[in-house]
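Survey of secondary and tertiary structure
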Amino acid sequence: MTQPSPFSDRRIVVAIALFCCLLWGSAVPAVKIGYGLFAISASDTPSLMLFAGVRFFLAGLMLLAYSALTRKPILQPARRLGQLGLLGLISTAGQYLFYYIGLAHSTGVKVSITTSTSTFFSVLIAHFLYANDKLTPRRILGCLLGFAGVVAVNLAATGIDLHVSLLGEGFIVIAALLFSVAGVYGKGLSADMDAGVMTGWQLLLGGAMLGIAGFALGGKLGAFGLEAALLLAYLAALSAAAFALWSVLLKHNPVGSIAIFNCAIPIFGVLLAGLFLGESIFEWKNLAALLLVSVGIWMVTAARVDRTAGTG
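Residues numbered from 1 in each chain as written. Predicted model: local features only at pLDDT ≥ 70, side-chain atom pairs only at ≥ 80, totals over all residues. Heavy atoms only, no water.

1. Details of the overall build of the protein
Condition: Here a helix means four or more residues in a row that DSSP labels H or I, a strand means two or more in a row labelled E, and each is numbered from the N terminus. Only protein chains enter the area calculation, which uses a 1.4 Å probe; residues under 20% of their type maximum are buried, those over 50% are exposed, and those in between are partly exposed. Any two residues whose heavy atoms approach within 4.5 Å are treated as being in contact.
Regarding its fold elements, the protein presents twelve helices and zero strands. Reading the secondary structure of the protein in the N-to-C direction produces α-α-α-α-α-α-α-α-α-α-α-α. Counting over 312 residues, the protein shows a buried share of 50%. In the protein, once contacts between residues fewer than 6 apart in sequence are set aside, the share between residues at least 24 apart is 88%.

2. A closer look at the environment of Ser5
Inspection of the secondary structure assignment puts Ser5 in the segment before α1 (10-37). Sequence separation of Ser5 and His252 is 247 residues, and the distance between their C-alpha atoms is 7.0 Å.

3. Considerations on the environment of Leu135
You can see Leu135 is positioned in the loop between α5 (118-129) and α6 (137-153). Leu135 sits eleven residues away from Leu124 along the chain, and the two C-alpha atoms are 7.4 Å apart. Residues within four places of Leu135 in sequence aside, it is in contact with Val123, Leu124, His127 and Ile140.

4. What to know about empty space enclosed by the protein
For the record, the criterion: Every definition here rests on a 1 Å grid over the protein atoms only: cavities are sets of points where a 1.4 Å probe fits but cannot get out, pockets are open sets enclosed by protein on both sides within 12 Å along at least five of seven lines, and lining residues have some atom within 4 Å of a point. Grid points are joined across faces, edges and corners, and a volume is the space filled by probe spheres set on the points.
Taken as a whole, this structure holds two cavities of 30 Å³ or more when the rule is applied. In this model, the largest cavity occupies a volume close to 170 Å³. If you go around the largest cavity, you meet 15 residues; those closest to its centre are Ala182, Gly183, Gln202, Ser247 and Leu250. Residue assignment for the lining of the largest cavity shows that the elements contributing at least two residues are α3 (78-104), α7 (166-189), α8 (195-216) and α9 (226-252). Counting residues per element, the lining of the largest cavity draws most heavily on α7, at five residues. Of the pockets and cavities examined, the second largest cavity occupies roughly 50 Å³. Ser122, Phe179, Ser180, Gly183, Trp246, Leu250, Val255, Ala259 and Asn262 together form the lining of the second largest cavity.

5. Comments concerning the confidence of the model for the protein
This is how it is decided: Confidence scores here are pLDDT values: one per residue, from the predictor, ranging 0 to 100.
The pLDDT averaged across the protein works out to 80; a share of 84% of its residues lies at or above 70. Within the model, the stretch residues 304-312 combines pLDDT values under 50 with 15 contacts to residues more than four positions away or in other chains.

6. As for the nonpolar core
Spelled out, the test is: In this description, a nonpolar core means a group of buried Ala, Val, Leu, Ile, Met, Phe, Trp, Tyr and Cys residues linked to one another through side-chain atoms lying within 4.5 Å.
In this structure, Trp24, Phe51, Leu235, Trp246 and Phe261 are the most contacted members of the largest nonpolar core, which totals 58 residues. Tallying contributions element by element places α9 first for this core, with 13 residues. Counting residues in each nonpolar core, the second largest holds twelve residues, with Leu64, Leu189, Trp201 and Leu204 among its members.

7. Focus: the packing of α1 against helix α2 (residues 45-69)
Condition: The convention used is that axes are lines fitted to C-alpha atoms, helices contributing only their stretch in contact, and that angles between N-to-C directions extend from 0 to 180 degrees. Note on angle classes: values under 35 degrees are labelled roughly parallel, values over 145 roughly antiparallel, values of 65 to 115 roughly perpendicular, and the remainder oblique. Put simply, a crossing is left-handed when the front helix is turned counterclockwise from the back one by less than a right angle, and right-handed when it is turned clockwise. Gly is put with the polar residues, along with every residue not named as nonpolar or charged; the nonpolar set is Ala, Val, Leu, Ile, Met, Phe, Trp, Tyr, Cys and Pro, and the charged set is Asp, Glu, Lys and Arg.
Two numbers describe how α1 lies on α2: the axes approach to 12 Å, and their chain directions differ by 120 degrees. On the basis of the axis angle, α1 is oblique to α2. Pair α1 / α2 crosses with right-handed handedness. Two secondary-structure elements touch here, α1 through Ala27, Val31, Gly34 and Tyr35 and α2 through Leu48, Phe51 and Arg55. Its residues assigned to classes, the contact of α1 with α2 comprises five nonpolar, one polar and one charged.

8. As for unusual backbone geometry
With phi around 55 degrees, Ala39 is a residue other than glycine that occupies positive phi space. Counting through the fold element by element, Ala39 comes out in the loop between α1 and α2. Given the relative accessible area of 63%, Ala39 is considered exposed.

9. Description of the pattern of salt bridges
Put simply, the rule is: We define a salt bridge as a side-chain nitrogen of Lys or Arg found within 4 Å of a carboxyl oxygen belonging to Asp or Glu.
Summed over the entire model, instances satisfying the criterion amount to three salt bridges. For Lys72, the salt bridge goes to Asp194, with nearest N and O atoms at 3.5 Å. One end of the pair, Lys72, is in the loop between α2 and α3; the other, Asp194, is in the loop between α7 and α8, and 122 residues separate them in sequence.

10. Considerations on a nonpolar patch on the surface
What counts here: Grouping into patches uses exposed residues only, defined as over 30% relative accessible area, and leaves out salt-bridged ones; the cut-off is 9 Å for like charges and 5 Å for nonpolar side chains (Val, Leu, Ile, Met, Phe, Trp, Tyr). Note on areas: these come from Shrake-Rupley sampling with a 1.4 Å probe, and a residue is covered only by the protein chains present in the view.
There is a patch of nonpolar side chains on the surface, built from Leu86, Leu89 and Met209 and spanning about 230 Å² of accessible area. Position of Met209 relative to the elements: it lies in helix α8. Under the relative-accessibility criterion, Met209 is labelled partly exposed at 31%.

As structure tokens, then:
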């Protein structure tokens, strides 16, 4: 009988998933700092694409180099490279193309809230594809609580502008959908290959596509000093670690039980940005958001354990 993977242990899953969310959350202030160091305007979409492409290309190189050092086979047949290229197109090039265009035509608050719809896309797609990943009332409620937490952390005194547009919120929703589709597609590919190698190729190929497109559209990076190089290296390293670990979790767990953790990314982003900017993080909206997301994660992940034990 096959031994269960340690990456299926609920305590390990929660720890790794939250660590990934912490890394992605730290990218929020780091990317903003990067825009300043590389003299990139928030509305300069080609340069944003080039910046992201370089970051993900380097992340892919890091993962493939690590895989080679640990004696994992990184060379892939042509057919598999085609599949990995498609994964990179969906998860990296396509997702971030729509994300950056949407970001330029929306507000940070609405982007943060709209991005969290990826949780719902993931659990809905998994419901129809996997027999052990079905929607239940408890799982639906957990996802709704997680989404409510994302809304709460982004609430401002003036409320939320309900105006939406295709180029703004519409493109952010498309980016969220691509992230979810890529997660499910990547789970299938990782069934018979190392998740780290898969993620390395995904980031390398997707980053190359994104960077080439940004450069072709006139994107450019400003002064490249030591500080900028170190920041870019950090962003590449956190992407390599977070995406690789996330792929491992998806490989060994139902998609829905991992997708719910996406709701924690905006929470970490707000808390870390507050710390870097010297602002108070102990506001009611932050504490309420943390509580809602925590309960939502518990309901979704505990529901999986209950079903496994035959009590749910």
